[in-house]
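Remarks on the overall topology
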Amino acid sequence: MEYGLIGEKLGHSFSKDIHNLIGDYDYQLKEIPRDSLNQFMEKKDFKAINVTIPYKQDVIPYLDFIDDAAKAIGAVNTIVNKDGKLFGYNTDYYGMKSLFEKINLDICGKNVLILGTGGTCKTASALVKDLGAKSICIVSRHAGGLENGFPVISYDEALTKTETNVIVNTTPCGMFPKGDEKPISLEKFSNLEGVVDAIYNPNCTELILEAKNRGLKAEGGLFMLVMQAVKAAEFFFGKTVDNQKALEIFSTILGRKENIVLVGMPSCGKTTVGKLVAKMTQREFIDCDVELVKKENRQISEIFAHDGEEYFRNLETQVIKEVSQKTGCVISTGGGAVLREENIHSLKKNGRIYFINRPLQKLLPTSDRPTANSADKIKKLFEVRYPIYKACADEIIDANDYPDNVAKKIIKKAGLENDCKKVKNSQISEKNNQKKQDIAVFGGRSVVKGT
């Protein structure tokens, strides 16, 4: 292995995807059991590597040099082999610094609460100290003593720190698959300016969603993940990565990870357009109504007739909560899904919402939609729901067009045009290969099978 990531378990790592976008070098993921780390490090059979849990501290004794950031944090996540000498760095520090800069969150002179006492807490406390924080408190379930030289307080005591300006979450609370959890409520913090969460799955944790709903500067950990990888590549090769390229890499990774969520009126084309987007981008397509029918083993009209709309809406909320945990999918929702704020909340955790805005006169009633089986019902629904669709949407898509053109508009807004080109080129290549296989050469002449 020349370049790559080592750790004990790497099944959900995005590192390979990120490094493949940074440059043309072979980056591998290598899971190393604890009893094999010594052999790997002593062999030094690599040019440069990243290090993740649980080896960020274990690799330190093997290093010949450690940079100041890594020393302050007490952990190394990047190692460069220079003629047999191992140089250690911590790029998490730079990644988190970039995250603060992305949302213009000024730390100088601010009161900071850091949630958690793990390795990322060490990164956060070293960084905010360097950035000139006025006060720093570490929050833990086990209060008392010091962590990195800063007082460790309980969550109850943290709620009394109403002068807090910035909160940084370094705990796993809110991480998939426990996305409904939240480490602390923001209600008491009347002076709060911003919230940063190191978690990147889901894209928006409950903590970040609450912060955004309160109008605060807030961001999850995906940008930090990308920028620390960019910094690592700079150490790998001794070359600076252009900032514009770094931002483009983040946009690409975010676009690939985010769900494309389609909302809109019944018969506006969500299913048709959604399937086209999924095909063009080679993504999984999920129709919430179809999933609901599978779960109940009966049609929506039957559910309405026998159990009523409230029962149906409860089922719909359950389905949406489940599918929203997925990433990189195309999700088509039922026309009334937006009526419940909790559905929008769930969909925004890992998704970007696109309102398929089709003119009222082109919305046709169908018998299988109990709430929209007549022109009069559709008109009344449109008047009630249209402002809700607009309010919850991240993007409004003009759907007064052919379905494939609407699909292309969504793909462009999602920043997935390059991925579409790759899919198309791959499909062309597959067809050409198939044609070659269908040609048998006899006596120097090409004969197409079946003709």
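Residues numbered from 1 in each chain as written. Predicted model: local features only at pLDDT ≥ 70, side-chain atom pairs only at ≥ 80, totals over all residues. Heavy atoms only, no water.

**Section: the overall build of the protein chain**
The helix and strand tally for the protein chain stands at 16 helices and 20 strands. Across the 451 residues of the protein chain, 48% fall into the buried class. The contacts of the protein chain with a sequence gap of at least 6 include a subset with a gap of at least 24, amounting to 66%. Roughly 22300 Å² of accessible area belongs to the protein chain as shown, and the carbon and sulfur atoms make up 48% of that amount. Across the protein chain, the centroid of the 64 positively charged side chains sits 5 Å from that of the 59 negatively charged ones. (Helix = DSSP H or I, 4+ residues; strand = E, 2+ residues; numbered from the N terminus. Buried < 20%, exposed > 50% of the residue type's maximum accessible area, 1.4 Å probe, protein only. Contact = heavy atoms within 4.5 Å. Areas by Shrake-Rupley, 256 points an atom, 1.4 Å probe, with all protein chains shown as cover. Lys, Arg positive; Asp, Glu negative; His and termini not counted. Charge placed at Lys NZ, Arg CZ, Asp CG, Glu CD.)

**Quick notes on the packing of aromatic side chains**
One pass over the structure, following the stated rule, counts 17 aromatic pairs. Plain terms: the ring middles of Phe-65 and Phe-87 are 5.3 Å apart, the flat faces sit at 40° to each other, and that makes the pair tilted. Within this pair, whereas Phe-65 is found in strand β4 (residues 65-66), its partner Phe-87 is found in strand β6 (residues 85-89), the two being separated by 22 residues in sequence. On the basis of relative accessibility, which here comes to 36%, the residue Phe-65 falls in the partly exposed class. An aromatic cluster is built from Phe-65, Phe-87, Tyr-89, Tyr-93, Tyr-94 and Phe-235, whose rings are joined through pairwise contacts. (Phe/Tyr/Trp six-rings, centres within 6.5 Å; stacked < 30°, edge-to-face > 60°.)

**Some remarks on the state of the cysteines**
By the definition in use, this model includes 0 disulfides. Summary of cysteine pairing: Cys-121 is not part of a disulfide, and the nearest cysteine sulfur, belonging to Cys-137, is at 11 Å. Looking at Cys-121, the relative accessible area reads 0%, which means it is buried. Free of any disulfide, Cys-329 has its nearest cysteine sulfur in Cys-288, 11 Å distant. (Disulfide = S-S within 2.5 Å.)

**Digging into the side chain of Ser-140**
Tracing the sequence through the fold places Ser-140 in the loop between β8 (135-139) and β9 (146-147). Of note is the side chain of Ser-140, whose polar atom sits 3.0 Å from the backbone nitrogen of His-142. Aside from chain neighbours lying at most four places away, what touches Ser-140 is Thr-117, Val-152, Ile-153, Ser-154 and Tyr-155. (Polar contact = N/O pair within 3.5 Å; in protein donor to acceptor, adjacent residues only side chain to side chain.)

**What to know about the sheet that holds strand β10 (residues 150-153)**
Spatial ordering of the open sheet is given by β9-β10-β8-β7-β11-β12-β13, a layout of 7 strands whose pairing is mixed. On the outer flanks of this sheet lie β9 and β13 (217-219), each paired with one strand and no other. As paired elements, strand β7 (residues 111-115) and β8 share 5 bridges and run parallel to each other. When the sheet's bridge partners are listed, Leu-113 is paired in β8 with Cys-137. (Pairing = 2+ DSSP bridges.)

**Examining the nonpolar core**
Residues Ile-18, Ile-22, Phe-100, Ile-114 and Val-168 are the most contacted members of the largest nonpolar core, which totals 52 residues. Tallying contributions element by element places helix α8 (residues 222-237) first for this core, with 11 residues. Apart from the residues within four sequence positions on either side, Val-168 is in contact with Met-96, Phe-100, Val-112, Leu-113, Ile-114, Leu-115, Ala-124 and Val-196. Listed in part, the 49 residues of the second largest apolar core include Val-277, Ile-331, Ala-393 and Ala-407. (Core = buried A, V, L, I, M, F, W, Y, C linked by side-chain atoms within 4.5 Å.)

**Let's talk about helix α14 (residues 375-392)**
With 18 residues, α14 ought to run about 26 Å at 1.5 Å a step, and its terminal C-alpha atoms sit 25 Å apart, in line with that. Arg-385 marks the point of greatest bend in α14, at about 40°, and the proline Pro-387 comes within the next four residues. Among the residues making up α14, those that are buried are Ile-378, Leu-381, Phe-382, Arg-385, Tyr-389 and Cys-392. On its buried face, α14 sits against β14 (259-263), α12 (300-323), α13 (341-350) and β17 (351-357). (Expected span 1.5 Å × (residues − 1). Bend = angle between axes of the 7 residues up to and from the residue.)

**Notes on the pattern of salt bridges**
Enumeration according to the criterion identifies 27 salt bridges in this entry. Measuring nitrogen to oxygen at the nearest pair gives 2.4 Å for the salt bridge that ties Asp-307 to Arg-298. Its salt-bridge partner being Arg-340, residue Glu-310 comes within 3.2 Å of it at the nearest N-O pair. Of this pair, Glu-310 sits in helix α12 while Arg-340 sits in the loop between β16 (329-332) and α13, and the two are 30 residues apart along the sequence. Residue classification places Glu-310 among the exposed residues on the basis of a relative accessible area of 53%. Several salt bridges share partner residues, and in doing so they unite Asp-180, Glu-206, Lys-321 and Lys-349 into one network. (Salt bridge = Lys/Arg side-chain N within 4 Å of Asp/Glu carboxyl O.)

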